[in-house]
Each structure stands twice: as C-alpha cells, then as structure tokens.
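# Breakdown of the fold
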Amino acid sequence: LGLNLVHMEEVASTNAEAKKLAREGCPEGTVIVAETQKGGKGRLGRVWFSPRSRGLWFSIVLRPPINLVDTPQVTMVTAVAVATAVREHTGVPAGIKWPNDILVDGKKICGILVELNAEMDCVNFLVAGIGLNVNIKKNEFPPELADIVTSLEIESGQHIYRVPLLRCLLQHLEKWYHRWLNEGFAAVLNKWRQMCVTLDCPVTVHTIKETYSGYAVDVDDTGALLVRTGDGSVQRLIAGEVTLRKQ
Ligand code: BTN
C-alpha cells in the first residue's frame, strides 16, 4: 500500500479525492494525503477538524474481493493497524472503541471513515479514510472538542514527525490487510478484541432506531457489537454510536 502516493496541499476531503481516483481506475493501495481538508468528513455527516500540517489526513483505495455484508470488517482491519502503529511508533497507549475510533485515555485521537462503491452485493472499491491528530495543542482544538479529543503531541509530550509515522501506519495497514485477505477475519478479530478498550464496559449505544444501555460484552464473528441490556438479553448491533457510561 502507498506505492502510488499523491500528496496535496489542500482538498475538500481526501476520501472524495480517493473515490474520484478509484472511479478512474487507479491501482489498489493508492494513497491520497493532504496537508489540510476544507470539508473533512466524519461519520454521521459530521465535519472532521483538519488543521494544516498538524495531522495525518489520508485515504487509501482498496479493492478487496468481498461482498457488501463484509465491509464493516475493513473498518476493523484499519482500526487494528492504526492502533498498533501508533503504539509501536510513539509508545502512546492507543485503544479501540467500537466500531472505529482510536482512543487514548478515553479521548479520541483518530477517526476512520470507510466509504464504498458497490454494485448489487459486490464491492467495486472501498476508500478507507484516516484522520489522526498528530501535532495539535490542546488550545488549538475548537472549544466543543477540547475535552473529548487529544493528539499524539499532547499524549507523548513531544513533536512527532509525520512522514516516518505515515510510513509505519502504511506498513501496518498493509500487513493487517493481507492477513485479513489470506487468513480471514478471525485473526483480525482476536487482535481487535485485545485492543478494544470498551469491552466489558457499561455503555450507551445510540442507533438510528433506538438507544440501548448495558454492557458491551463482546463482538461476534461478523464484527457486530453485543450489548447485554438490563433485562439480561443480548442485543446485536451492527451500527451505532457508543458512549461510555459512568456508573
Ligand atoms: C469519524 O467521524 O470518526 C471519522 C473521521 C474520518 C476523518 C478522515 S480524515 C481523512 C479522510 N477524509 C475525510 O474527509 N474523512 C477521513
């Protein structure tokens, strides 16, 4: 991954650029990285704060031979790779919150947004977008984010050079992507469980339809979150927003 790497000063969104290149037939593993994004996209239509040269804002084009139902796995492959790379490269104890946030000490340091293009049940291509807060100081975040996000500089107490970090991220993404394709999802899931910081925790999960309160007991072999609610039943959730509940 990353043999074909496009570096841009300013884009609306690296995910949008990557989708454009993918539609034009770029090779698998093409990476678009931008210094800043004017319309960085988060999940659920949110905006992703992408200050110039202070983070790694990038997207990777993937063409795995999978069906639509298996696409949540790509998010989990990406999360495992990013958390592993961050730990290895900086020593910062990154963990995963289902399905795709990377947290340090309960604060978000990285978000992952996987978008796809499919026909019928078949995936044509996927774009895995990664936004990692690198050299952002606490007072540089917008006030509404200040208490819920963090950066590698804040957590490690030092400036982190982005190029070697990106190289490390791409190496781990490549390793886990191939592991997933060759060995299957179980290998990824094991590692994901080890790195997840919200298993066995009291959580509230907001889905489009309902809100569930309970304990995040596990993920099943498709990557769905299993939450045991107050009445003892276990809900299987394939999408939603998890918040840790204080007891
Ligand atoms: C989230 O809401 O947690 C997902 C955030 C994903 C942000 C990244 S930054 C690079 C890529 N381009 C985008 O527009 N979004 C993703």
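Residues numbered from 1 in each chain as written. Predicted model: local features only at pLDDT ≥ 70, side-chain atom pairs only at ≥ 80, totals over all residues.

### Things to note about the overall build of the protein
Helix and strand counts for the protein stand at five helices and twelve strands. In terms of overall size, the protein behaves like a compact globule, its C-alpha atoms giving a radius of gyration of 17 Å where 247 residues would be expected to give roughly 18 Å. Seen through its principal axes, the protein has C-alpha atoms that stretch 50 × 45 × 30 Å. The burial tally for the protein puts 42% of its 247 residues in the buried class. When contacts within the protein are restricted to residue pairs at least 6 apart in sequence, long-range pairs at least 24 apart make up 62% of them. (Helix = DSSP H or I, 4+ residues; strand = E, 2+ residues; numbered from the N terminus. Rg over C-alpha atoms; globule rule 2.2 N^0.38 Å. Buried ≥ 20, exposed ≤ 12 C-beta atoms within 10 Å, placed from the backbone. Contact = placed C-beta atoms within 7 Å.)

### Considering the site of the ligand
In the region of the ligand, 20 residues are neighbours, and Ser13, Gly42, Gly111, Gly129 and Gly131 sit closest. Only helix H1 (14–23), strand E3 (55–62), strand E6 (107–119) and strand E7 (122–133) provide two or more residues apiece to the shell around the ligand. Looking at the shell around the ligand residue by residue, the class counts come to six nonpolar, ten polar and four charged. (Near = placed C-beta within 6 Å. Nonpolar A, V, L, I, M, F, W, Y, C, P; charged D, E, K, R; others polar.)

### A closer look at the pairing of strand E9 (residues 211–219)
On a regular strand, each side chain points to the face opposite its neighbour's, so the side chains alternate between the two faces of the sheet. Sheet topology note: the strand E8 (residues 202–206)/E9 ladder contains five bridges and is antiparallel. Bridge pairing in E9 links Val205 to Tyr212. Between E8 and E9, which pair antiparallel and follow one another directly, the connecting turn spans four residues. Sheet analysis places E9 next to strand E10 (residues 225–229), joined by five bridges and oriented antiparallel. Bridged to Asp218 within E10 is Leu226. (Pairing = 2+ DSSP bridges.)

### A few points about the nonpolar core
Counting residues in hydrophobic clusters, the biggest one holds 67 residues, and the most contacted among them are Val77, Ala79, Val80, Val82, Ile102 and Ala128. Per-element tally for this core: the top contributor is helix H2 (residues 72–90), with ten residues. Each of two domains, domain 1 (5–195) and domain 2 (202–244), supplies a minimum of three residues to this core. Among residues more than four places away in sequence, those in contact with Ile102 are Ala79, Val82, Ala83, Val86, Ala94, Ile96, Ile109 and Cys110. (Core = buried A, V, L, I, M, F, W, Y, C linked by C-beta atoms within 7 Å. Domains from an automatic or database assignment.)

### A few points about the UniProt feature "binding site: biotin" (unreviewed entry) in the protein
The positions that UniProt labels "binding site: biotin" (unreviewed entry) are, in the present scheme, Ser13, Thr14, Asn15, Gln37 and Lys108. Classification of Asn15 by C-beta neighbours within 10 Å gives buried; the count is 27. Ignoring anything within four residues of it in the chain, the contact list for Asn15 reads Lys41, Ser59, Leu113, Glu115, Val127 and Gly129. With respect to the secondary-structure elements, Gln37 resides in strand E2 (residues 31–37). The exposure class assigned to Gln37 is buried, which follows from the 26 C-beta atoms found within 10 Å. (UniProt positions renumbered as here; feature names shortened; annotations may be inferred.)

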